[in-house]
Amino acid sequence: MIATTPVIVFSSCTDACRHVAAEISQLIRERETLGLPTVLGLATGGTPIPLYQELIRLHREEGLSFRNVTTFNLDEYLGLDRDHPESYWSFMHRNLFDHVDILPSNVHLPSGIVSPSEIPAHCQAYEDAIASAGGIDFQILGIGRTGHIGFNEPGTPADARTQKIHLDPITRQDAAPSFGGLDKVPTEAITMGCGTILDARRIALLAWGDKKASIVKAALEGPITNEVSASFLRNHPNATFILDAEAASSLSQ
Ligand code: GLP
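Every value quoted in this text rests on a predicted model; they were computed, and no experiment measured them.

**Quick notes on helix α2 (residues 49–62)**
Residues spaced three or four apart along an α-helix point in a common direction, a consequence of the helix completing one turn every 3.6 residues. Helix length check: α2 (14 residues) gives 19 Å between terminal C-alpha atoms against 20 Å at 1.5 Å per residue, within 8%. Regarding α2, the residues found buried are Leu51, Tyr52, Glu54, Leu55, Ile56 and Leu58. Gly63 sits one or two residues past α2 and shows a positive phi near 70 degrees.

Here is the structure:
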C-alpha cells in the first residue's frame, strides 16, 4: 500500500526541526492574538531534542512566549519519581521547560509513582485534564523501533486511552544505555493511548537516521495494524511524517 499521509523529507534533522518549530510558533502566536491558549502534546527520546532546542532559541531570540501554552506529555515510566534523572519529568525540564517561560502549573505528565490501585483513576484524571484544556492542538511524536507512539507497544488497540502498559523488550533494550543497564529499566509505564493521541487536531511524527528507516516504512507502507501503532496515524486527517533522508531511505516513493 502506498502512503497517503503527507511525508516531508528534509536533508537534516536541524532543517526538519526548524520547519516544525516554525509551525508551532505560528500556532502559538496566532492563538495568543485571538486570546486563546495553545495545548501541545510533547514527546521524549532523542528525536525531539533538536526541536526543543529550536523552540528555546525562538523564545530567547525571537520573543516566542510559552505563557499561554499548556503541555501534556505522552508518557512516564512507572517506578521513577520526578527527580530520577531518567524520568520524563526530568527530561522535559532539562531539555525544554527550564529554558522557557512556561507556567509550572501548565505542565502535565503522568506520575511515575502512582500506586497500583490508583492507576485507573490517575489515567482518567489525565484524560479529563486534556479534555478540560480543550484537547491537544499540536502533538509531537517520535517512533520506537517497535513502531510505538508514546509507549503504545504492539498489540495496543487504536482506541486505547491513557493506561498502564508493559514495555516491549526491544524498547527496554533501547533505553538500557541511558539507565546504565537493562536491569535498571522500568518494566511498565503510563502512556496516552492511541485514541488519546489520534484525538489531537494536528500531529507531526518525527524520525531521523537509518535505524528508523524500516519501522517508518512499515508505518507508512505496511498494513494499518495494532502491531505498528504509528500506522494508525494514516487514519488521521492532519498527521504528517517529518523525516530526514536516512529515515526516509526505505520508502518506495
Ligand atoms: C521512547 C518514548 C517515545 C519515543 C521513543 C523513541 O520509547 N516513550 O515517545 O518516540 O522512545 O526514542 P528516540 O527518539 O530516542 O529514538
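**Brief notes about the site of the ligand**
Taken together, Thr44, Gly45, Gly46, Thr47, Asp75, Tyr88, Gly142, Ile143, His148, Gly150, Phe151 and Lys212 make up all the residues around the ligand. Within the backbone of Gly46, one N or O atom sits 2.8 Å away from an oxygen atom of the ligand. A distance of 3.3 Å is found between an oxygen atom of the ligand and a backbone nitrogen or oxygen belonging to Ile143. When isolated, the ligand has an accessible area of 390 Å², and the protein chains bury 81% of it. According to the grid-proximity analysis, the pocket containing the ligand is the largest pocket.

**Remarks on the packing of aromatic side chains**
Any aromatic ring pair is given by two values, namely how distant the centres are and how the planes are angled relative to each other. Using the criterion set out here, one finds five aromatic pairs in the structure. Between the aromatic rings of Tyr77 and Phe179, the centroid separation amounts to 5.2 Å while the plane-to-plane angle is 90 degrees, which identifies the pairing as edge-to-face. In this pair, Tyr77 is assigned in strand β4 (residues 75–77) and Phe179 in helix α5 (residues 169–179), connecting sequence segments 102 residues apart. We note that Tyr77, like Phe179, is buried. Aromatic pair Tyr88 and Phe151: ring centres 6.0 Å apart, planes at 20 degrees, arrangement stacked. Pair noted here: Tyr88 is in helix α3 (residues 88–95) and Phe151 is in the loop between β6 (138–141) and β7 (163–166), with a separation of 63 residues, a long-range link. Accessibility assignment for this pair places Tyr88 and Phe151 in one class, buried.

**As for the nonpolar core**
Grouped together as the largest cluster of nonpolar side chains are 72 residues, with contacts concentrated most on Ile24, Leu51, Leu55, Leu96, Ile140 and Leu205. No other element matches the six residues that helix α1 (residues 13–33) contributes to this core. Sequence-distant contacts of Ile140, defined by excluding residues within four places in its chain, comprise Val20, Ile24, Gly41, Leu42, Ala43, Pro48, Leu51, Leu74, Ala204 and Leu206.

**Quick word on the sheet that holds strand β1 (residues 7–10)**
With respect to topology, seven strands assemble into an open sheet ordered β1-β10-β9-β6-β2-β3-β5, the strand pairing being parallel. Of all strands in the sheet, those bounded by a partner on one side alone are β1 and β5 (107–108). Sheet topology note: the strand β9 (residues 203–207)/strand β10 (residues 239–244) ladder contains five bridges and is parallel. Each bridged residue has a counterpart across the sheet, and for Leu205 the counterpart in β10 is Phe241. The strands touched by α1 are β1, β2 (38–42), β3 (69–73), β6, β9 and β10; relative to β6, the strand with the most contacts, the crossing angle is about 160 degrees.

**A closer look at the side chain of Asn152**
Locating Asn152 in the fold gives a position in the loop between β6 and β7. What makes Asn152 buried here is its relative accessible area of 0%. A distance of 2.9 Å separates a polar side-chain atom of Asn152 from the backbone oxygen of Ile149. Beyond its immediate stretch of four places on either side in the chain, Asn152 contacts Thr191, Met192, Gly193, Cys194, Ile197 and Ser229.

**A closer look at the layout of surface pockets**
If a probe as big as a water molecule is rolled over the atoms, it shows which places are left empty. The calculated volume of the largest pocket comes to roughly 750 Å³. Lining the largest pocket we find 32 residues, and of these Thr44, Gly45, Gly46, Tyr88 and Asp174 sit closest to its centre. If you list the elements that add at least two residues to the lining of the largest pocket, you get β4, α3 and α5. Among the elements that make up the lining of the largest pocket, the one with the highest residue count is α5 (five residues). Partitioning the lining of the largest pocket into residue classes produces 13 nonpolar, 12 polar and seven charged. Here the second largest pocket defines a volume of roughly 200 Å³. Taken together, 14 residues line the second largest pocket, and the ones lying closest to its centre are Arg82, Leu109, Pro110, Ser111 and His122. Sorting the residues of the lining of the second largest pocket by element identifies β5 and α4 (119–132) as the ones contributing at least two each. Of the residues assigned to the lining of the second largest pocket, the class counts are seven nonpolar, four polar and three charged.

Rules used in this analysis
Residues numbered from 1 in each chain as written. Predicted model: local features only at pLDDT ≥ 70, side-chain atom pairs only at ≥ 80, totals over all residues. Heavy atoms only, no water. Helix = DSSP H or I, 4+ residues; strand = E, 2+ residues; numbered from the N terminus. Expected span 1.5 Å × (residues − 1). Buried < 20%, exposed > 50% of the residue type's maximum accessible area, 1.4 Å probe, protein only. Near = heavy atom within 4 Å. Polar contact = N/O pair within 3.5 Å; in protein donor to acceptor, adjacent residues only side chain to side chain. Areas by Shrake-Rupley, 256 points an atom, 1.4 Å probe, with all protein chains shown as cover. 1 Å grid on protein atoms, 1.4 Å probe; cavity = no way out; pocket = protein on both sides within 12 Å on 5 of 7 lines; lining within 4 Å. Sits in = over half its atoms within 2 Å of the grid points. Phe/Tyr/Trp six-rings, centres within 6.5 Å; stacked < 30°, edge-to-face > 60°. Core = buried A, V, L, I, M, F, W, Y, C linked by side-chain atoms within 4.5 Å. Contact = heavy atoms within 4.5 Å. Pairing = 2+ DSSP bridges. Axes fitted to C-alpha atoms, helices over the stretch in contact; angles between N-to-C directions. Points joined across faces, edges and corners; volume = space filled by probe spheres on them. Nonpolar A, V, L, I, M, F, W, Y, C, P; charged D, E, K, R; others polar.

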